[in-house]
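These are the residues of each chain, in order.
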Amino acid sequence: MPDHASVGWIDIVVILAYLSVTAYLGWLGYRGTRSAADFLVGGRSAHPVIMAVSYGATFISTAAIVGFGGVAGLFGMSLLWLTFLNIGVGILIAFIVLGEPTRRLGHHLGAHTFPELLGQRYQSRGIQIFAGVLIFLFMPLYAAAVMTGGSIFAATQFGIDFEVALLIFALITAAYVIPGGIKAVMYTDTFQGFVMVLAMIFLLVFTYSSLGGVTEAHQYLTDMEAMVPAPLAQMGHQGWTEMPAFGWGAPTYDLWWIVVTAIILGVGIGVLAQPQLAVRFMTVRSRRELDRAVPIGAIFIMLMTGTPFLVGSLSNAWFAQNGPILNGKVIQELDAEKNQALVELMQPTDSGTWTAIINPKTQAPATAALIVSERQEAEEASGTRFELVGGRSSAVTYVKGDADTIIPTFISTALPHWFGAIFFLALLAAAMSTMSSQFHTIGTAAGRDLYERIGAKGQPREPSLLVMRLAIVVGLLIAVTISYTIRQEYIVARFTAIFFGLCAAAFLPAYIGGLFSRRVTKAGALASMTVGLVVSLFWLLLVKAKEASAIGLVQLVTGGKTSLLADYPNWPSVDPIVVALPAALLTLILVSAFTRPPAAEHLDRCFPETR
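Participant: Before we move on, could you go through the overall build of the protein and cite the residues and values that matter?
Facilitator: When helices and strands are counted, the protein shows 23 helices and five strands. Classification of the 611 residues of the protein by burial places 58% in the buried group. At a minimum sequence separation of 6, the contacts of the protein that also span at least 24 residues come to 78%. Carbon together with sulfur atoms contributes 64% to the accessible area of the protein, which is approximately 23100 Å² in total.

Laid out in structure tokens, this is it:
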């Protein structure tokens, strides 16, 4: 939409300076990486500030800023509950409850990766390989979401092709995560985290000031309730400052179940079992460093998720006040006092008459809710006279419902062009900080958890940095392929939610049980992980309508339906985590109750402080 998308010399200088600092930090990490332990956990000597900001920068990516910020533009401020869970669960519970036991257990067992932690805890080579395979196969999906978010912004801001932006992101990430290991990742994460903070503060202040202040901005957005697009209203959208309608048994409650189960719970709980985040706890020496990291991490996460969720929602108010004028004829008055009307959009012809704009999806005249600011007499191409109105609409209208382009379009249209370059760096920082950790985790899963464990006659091989680095390249190619070939509705947020939910169902019960219970068994953990994975995949392939219909298997099974439960309202909108996580937890408890507990000697090694 913006007509000033270009790359100027200032943009080039700023970006090159940023990349130079990143390259230098990557080199510092490479210089300090002399062993597999350095590559994997940084020698367990990370400073708490570096660990906290690195954790936050890894957690927050373009998926949060572009993807979920865009979803907030679509669904509204109900996504702020995800910020609450990100802080309460992703920081407070993760650091205070899980951080120290994870750090302690990792040190006692000499574990360097998340799958190795599980494998050592349960004395199971199979569990370590299972976890490593799952990470290697599915983490590229999350990496693809991050790449897509950053590439969409670059394409919008600088007027370059999406494919070119995607290639640039992939090359930059590969350039420093492959040689440098976890040290390069954490050094660059910290630098990128500070860039992200400054950009978010400016963005939040600018957005509120351009709308007249906090109270005025929220009130204006509240008053736009009647302008919610009809397809969203039919799902239960009640306005951008309201929660969706809650209930069960009717399509008008679908949005509540999408927002709460997939976005808020899926990501909010799934963060606890993210392998690339859990390994951060094993990079510090003591609990003191973890405790000192909590307030830093909480403030960072609040700013980095709260800002895009607020700005995404408020972009609707900004475009309603400042967007390009749209024209058409009124087909329904929505709120006469506020001059809000549903309008059939029209465009002028060469002869000076007006003709309807056709929606390419429906092949019917396109409609939009406008705040009408001008009226005049006009003539249709058929010769009929009518009242032509002009006005502005929500951000959802201007991006044609594409949530992933709401934040990039707002930045490119509303803010000064120089800030576009700065914000691009913030997104580049967010993307690279997350992708570097993702690909580091992919590499260690393949090299440490698969290559080393699948040795001759069951004997582990020697650590291989070459295998880890080759695996990173393979993971990178898979992620780029996914980003290049799959582009659907709010795909960035959906890919993220899928991976987070999958990790929660497959890993969380075994992970938490292994940290706190001496009674959880190897059989219970393996059964729990299997059930969590199988139920999640079953739900994604055959029940959850959005994903199942895109994959296509369910249509073959049901004769064309989008879900096995298509005839039962709301079920096709429920996220797999609601079913898979309880099933995995119940499996862990039941199987552990009827199988032999681990040897006392091993438990004493895992928990020497409780002997």
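The structure having been displayed, the exposition proceeds.
Participant: Give me the lowdown on the packing of aromatic side chains, citing residues and values where you can.
Facilitator: Each aromatic ring pair is described using two quantities: the centre-to-centre distance and the angle formed by the ring planes. Throughout the structure, instances matching the rule amount to 16 aromatic pairs. Between W81 and F84 the ring centres are 5.7 Å apart and the planes differ by 80°, which places this aromatic pair in the edge-to-face class. Of this pair, W81 and F84 both sit in helix α5 (residues 80-109), three residues apart, which is roughly one turn of that helix. Owing to a relative accessible area of 53%, F84 belongs among the exposed residues under this scheme. Consider the rings of W318 and F319, whose centres lie 5.1 Å apart with planes at 85°: the pair is edge-to-face. As far as the burial class goes, W318 and F319 line up, both buried. An aromatic cluster is present here, built from F246, W248, W256, W257, W539 and W571 joined pairwise through their rings.

Participant: Describe the nonpolar core, with residues and values.
Facilitator: Ranked by size, the top nonpolar core spans 169 residues in total, and within it F75, F423, F507 and Y511 carry the most contacts. Setting aside residues up to four positions removed in sequence, F507 forms contacts with F114, L118, A131, L134, I135, A273, P275 and M529. Among the nonpolar cores identified, the runner-up in size contains five residues, and M346, W354, A378 and F386 belong to it.

Participant: So what's going on with the pattern of salt bridges? Which residues, and what values?
Facilitator: For the structure shown, the criterion picks out 12 salt bridges. The closest approach of N and O atoms between E100 and R104, which form a salt bridge, is 3.2 Å. Residue E100 and its partner R104 are both found in helix α5; the two are separated by four residues, about one turn of the helix. By relative accessible area, E100 is classed as buried at 6%. The partner of E547 in a salt bridge is R494, and the shortest N-O contact between them spans 3.1 Å. Taken together, the residues E547 in helix α20 (residues 545-551) and R494 in helix α18 (residues 491-516) connect sequence positions 53 residues apart. With respect to class, E547 is no different from R494; both count as buried. Three or more residues joined by partner-sharing salt bridges are found here, namely R494, K544, E547 and D575.

Participant: Mind laying out helix α7 (residues 125-158), listing which residues take part and the relevant values?
Facilitator: Its 34 residues give α7 an end-to-end C-alpha distance of 49 Å, which sits within 8% of 50 Å, the value for a rise of 1.5 Å per residue. At F138, α7 shows its strongest bend, of approximately 35°, with the proline P140 following within four residues. The buried fraction of α7 is high, at 28 of 34 residues. One side-chain oxygen at the N-terminal end of α7 lies 3.4 Å from the backbone nitrogen of G126; it belongs to S124.

Participant: Lay out the environment of P408 with the relevant residues and their values.
Facilitator: Structurally, P408 can be placed in helix α15 (residues 406-414). Look at P408 and you get buried, because its relative accessible area is 0%. Between the C-alpha atoms of P408 and F423, which are 15 residues apart in sequence, the distance is 9.6 Å. If near-sequence neighbours (up to four positions away) are discounted, P408 is found in contact with V66, I152, F153 and T156.

Participant: So what's going on with the environment of L314? Residues and values would help.
Facilitator: By secondary structure assignment, the location of L314 is in helix α13 (residues 287-322). Between the C-alpha atom of L314 and that of Y208, which follows or precedes it by 106 residues, the distance is 8.5 Å.

Participant: Kindly report on the pairing of strand β4 (residues 367-379), identifying the contributing residues and their values.
Facilitator: Inspection of the sheet shows strand β2 (residues 340-348) paired to β4 by five bridges, in the antiparallel sense. If you follow Q340 over to β4, its bridge partner there is I371. With eight bridges connecting them, β4 and strand β5 (residues 385-392) associate as antiparallel partners. Within β5, the position partnered with E377 by the bridge is E387.

Participant: For the side chain of S151, give the residues involved together with the corresponding values.
Facilitator: Relative to the elements of secondary structure, S151 occurs in helix α7. Using a relative accessible area of 0% as the deciding quantity, one classes S151 as buried. Within the local environment of S151, its side chain forms a polar contact with the backbone nitrogen of L166, the two atoms lying 3.4 Å apart. Setting aside residues up to four positions removed in sequence, S151 forms contacts with F162, A165, L166 and F169.

Participant: Go over a nonpolar patch on the surface, please, and point to the residues and values.
Facilitator: A surface patch of nonpolar side chains, amounting to about 460 Å² of accessible area, comprises L92, I93, I96, V97, I512 and F516. Looking at which element gives the most residues to the nonpolar patch, the answer is α5, with four residues. In this structure I93 comes out as partly exposed when scored by relative accessible area, which is 35%.

Scoring rules and cut-offs
Residues numbered from 1 in each chain as written. Predicted model: local features only at pLDDT ≥ 70, side-chain atom pairs only at ≥ 80, totals over all residues. Heavy atoms only, no water. Helix = DSSP H or I, 4+ residues; strand = E, 2+ residues; numbered from the N terminus. Buried < 20%, exposed > 50% of the residue type's maximum accessible area, 1.4 Å probe, protein only. Contact = heavy atoms within 4.5 Å. Areas by Shrake-Rupley, 256 points an atom, 1.4 Å probe, with all protein chains shown as cover. Phe/Tyr/Trp six-rings, centres within 6.5 Å; stacked < 30°, edge-to-face > 60°. Core = buried A, V, L, I, M, F, W, Y, C linked by side-chain atoms within 4.5 Å. Salt bridge = Lys/Arg side-chain N within 4 Å of Asp/Glu carboxyl O. Expected span 1.5 Å × (residues − 1). Bend = angle between axes of the 7 residues up to and from the residue. Polar contact = N/O pair within 3.5 Å; in protein donor to acceptor, adjacent residues only side chain to side chain. Pairing = 2+ DSSP bridges. Patch = residues over 30% accessible without salt bridge, like charges linked within 9 Å, V, L, I, M, F, W, Y side chains within 5 Å.

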